[in-house]
Every structure is written in C-alpha cells, then in structure tokens.
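Summary of structural features
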Amino acid sequence: MKIKDRVEYTTKPDPLTCGPEESILGAAKKMSSKNYGAIVVVDSDRKVLGLVTERDIMRRTVAEERNPADTSVGEIMTSELRVASENDNLIDWLRIMSNERFRRLPIVDEDGRLTSIMTQGDFVSYTWPDLMTQAVTLTKSTVGNSYQIFLILAAVLAYTLLVGTAFTLFA
C-alpha cells in the first residue's frame, strides 16, 4: 500500500509551514493557533529545510534561556530529516519511523516540494484487518494454498499467550 492510498493522506489539511527566518515566538503562535505540535521549515519554493517541534522549542529555546522573539526557527530546527514520496510504501515507512524513533514524515513531490506531513498517529491507524489481509496475501504467496494451517497455529499461539497473561495477572 502506498502512502497516497491512506485516507489520512488524502484528508489532511495543508502542513503548517514557515521560513527559516521566522522567530520562534511567531512559529509557536502559529502552532498554538492550529493546535499543531510541529511546523515545517521551507524555502520560497516549499522545499523542506527542517522541522521545529514543541520539544525543540522547549529544549533548544526555553532550556537554553534564548529569547524566542530574537531566535529564528533556522537556529533551532532539526535539519537532517527523512522525507518521503506519496508513492512510497506505507509499511516501509511505518517500520523506518518506528526503528529510527521519529514521529513526523514530510511528504514531498517529484520536485522536492512539501505536499503533506504524515505522523506516527496516521500510520498507527493502519488497522488490524489491513494487516491481516496483507499477512494472508504474503502467506499465500510464500506458503501456497496450505496457509490455513499457519493461521490456525498463529491463532492458537495468540490465544495461549493471552490466556497465560490473563492467568498470571489475575492469579
């Protein structure tokens, strides 16, 4: 499944952006007015330069006792970002975000211009039925028509773990 196939991608509002010269105070006010946890720093062509999160503001401005009105987002932004294409595989990015421990993924077009931003929360909404359908498809292609035995074994294992955990908790 591609990123662009997710409902979350197609229904998202435009990402919140600012230029690198914007003050931390101005960026924080924009974030607060939209109730966003991050702002994407872009150049005049909407090419991604960096990202500033609430955590960045706390650690790199407040904790360092910088004046947010006199400090630009360009001074504190995270500039080494991963960016994706809407045509990239969703599962690949879900794994990468989990393994590398980042929450926001800017999506860019073929010219590198920002089109959207996906969050871990958007990917977490990838539902169990979707995952089970993919598991069945993958199992069919690798195991063949005898995949049902593997599903039965997986269900028995899951049940055993669930009952064992419940017994341990309530014993």
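Up top you'll find the structure we're talking about.
First, a word on what this report is: a plain description of the structure on this page. Per-chain numbering applies: the sequence of each chain, read as written, is numbered from 1 onward. Only residues with pLDDT of 70 or above have their local features reported here, since the model is predicted, and side-chain atom pairs are shown and tallied only from 80 upward, although totals for entire chains, interfaces and linings are computed over all residues. Hydrogens and water are ignored here; the side-chain numbers use all heavy atoms of the structure.

1. Things to note about the pairing of strand β5 (residues 104-108)
Residue exposure (1.4 Å probe, protein chains only): buried if accessible area is under 20% of the type maximum, exposed if over 50%, otherwise partly exposed. For the purposes of this entry, the term helix denotes a DSSP run of H or I that reaches at least four residues, the term strand denotes a run of E that reaches at least two, and both are numbered from the N terminus. With four of five residues buried, β5 lies mostly within the body of the structure. A strand pair is defined by DSSP finding two or more bridges across the two strands. Bridge count between strand β4 (residues 84-85) and β5: two bridges; the pairing is parallel. Within β5, the position partnered with Ala84 by the bridge is Ile107. Alignment of β5 against strand β6 (residues 114-119), held across five bridges, turns out to be antiparallel. Of the residues in β6, the one forming a bridge with Val108 is Leu114. Hairpin connection from β5 to β6: five residues lie between these consecutive antiparallel strands, with Gly112 at a positive phi of about 85°.

2. Some words on helix α2 (residues 24-34)
Listed in full, the buried residues belonging to α2 are Ile24, Gly26, Ala27 and Met31. Taken down its axis, α2 places every buried residue within 165° of arc, on the same side. For α2, exposure combined with an orientation more than 90 degrees from the buried face picks out Lys29, Ser32 and Ser33. Pairs of residues are marked as contacts when any of their non-hydrogen atoms sit within 4.5 Å. Those residues of α2 that are buried lie in contact with β2 (38-42), β3 (48-53), α3 (54-62) and α4 (73-76). By arc we mean the arc of the directions from the helix axis to the C-beta atoms, nothing more.

3. Some details on the environment of Thr61
Positionally, Thr61 belongs in helix α3. By relative accessible area, which is 1% here, Thr61 ends up buried. With residues near it in sequence (within four places) discarded, Thr61 still touches Ile24, Asp56, Arg66, Pro68 and Ile76.

4. Some points on the environment of Val41
Mapped onto the elements of the fold, Val41 is located in strand β2. With sequence-adjacent residues up to four places away left out, Val41 is seen in contact with Cys18, Gly19, Pro20, Lys47, Val48, Leu49, Gly50, Leu51, Val52, Val73 and Met77.

5. Side note on the pairing of β3
As paired strands, β2 and β3 are joined by five bridges and run antiparallel to one another. Looking across to β3, one finds that Val41 is bridged to Gly50. The turn joining β2 and β3, which pair antiparallel and follow one another in sequence, is formed by five residues; a positive phi near 65° is taken by Arg46.

6. Focus on the sheet that holds β6
The strands that make up a sheet pair up through hydrogen bonds in the backbone, lying either parallel or antiparallel. In space, the three strands of this open sheet follow the order β4-β5-β6, with mixed pairing throughout. Looking along the sheet, the strands with just one partner apiece sit at the ends: β4 and β6. Strand contacts of helix α5 (residues 90-100): β4, β5 and β6, with the helix running at about 140° to β5, the strand carrying the most contacts. Lines are fitted to the C-alpha atoms to define the axes, a helix being fitted only along its stretch in contact, and any angle between axes, read from their N-to-C directions, falls within 0 to 180 degrees.

7. A closer look at the packing of α2 against α3
Between α2 and α3, the least distance of the axes is 11 Å, while the angle of their chain directions is 150°. Our classification of the angle between α2 and α3 gives roughly antiparallel. For the pair α2 and α3, the sense of crossing is left-handed. Listed contacts from α3 to Ile24, Ala28 and Met31 of α2 are Glu54, Ile57 and Thr61. Each residue gets one of three labels, nonpolar for Ala, Val, Leu, Ile, Met, Phe, Trp, Tyr, Cys and Pro, charged for Asp, Glu, Lys and Arg, and polar for the others, Gly among them. In the contact of α2 with α3, the residues fall into four nonpolar, one polar and one charged. For this classification, under 35 degrees means roughly parallel, over 145 means roughly antiparallel, 65 to 115 means roughly perpendicular, and everything else is oblique. Crossing handedness is defined as follows: a turn of the near helix away from the far one that is anticlockwise and smaller than a right angle gives a left-handed crossing, while the clockwise case is right-handed.

Treat this as a map of the structure, not an account of what it does.
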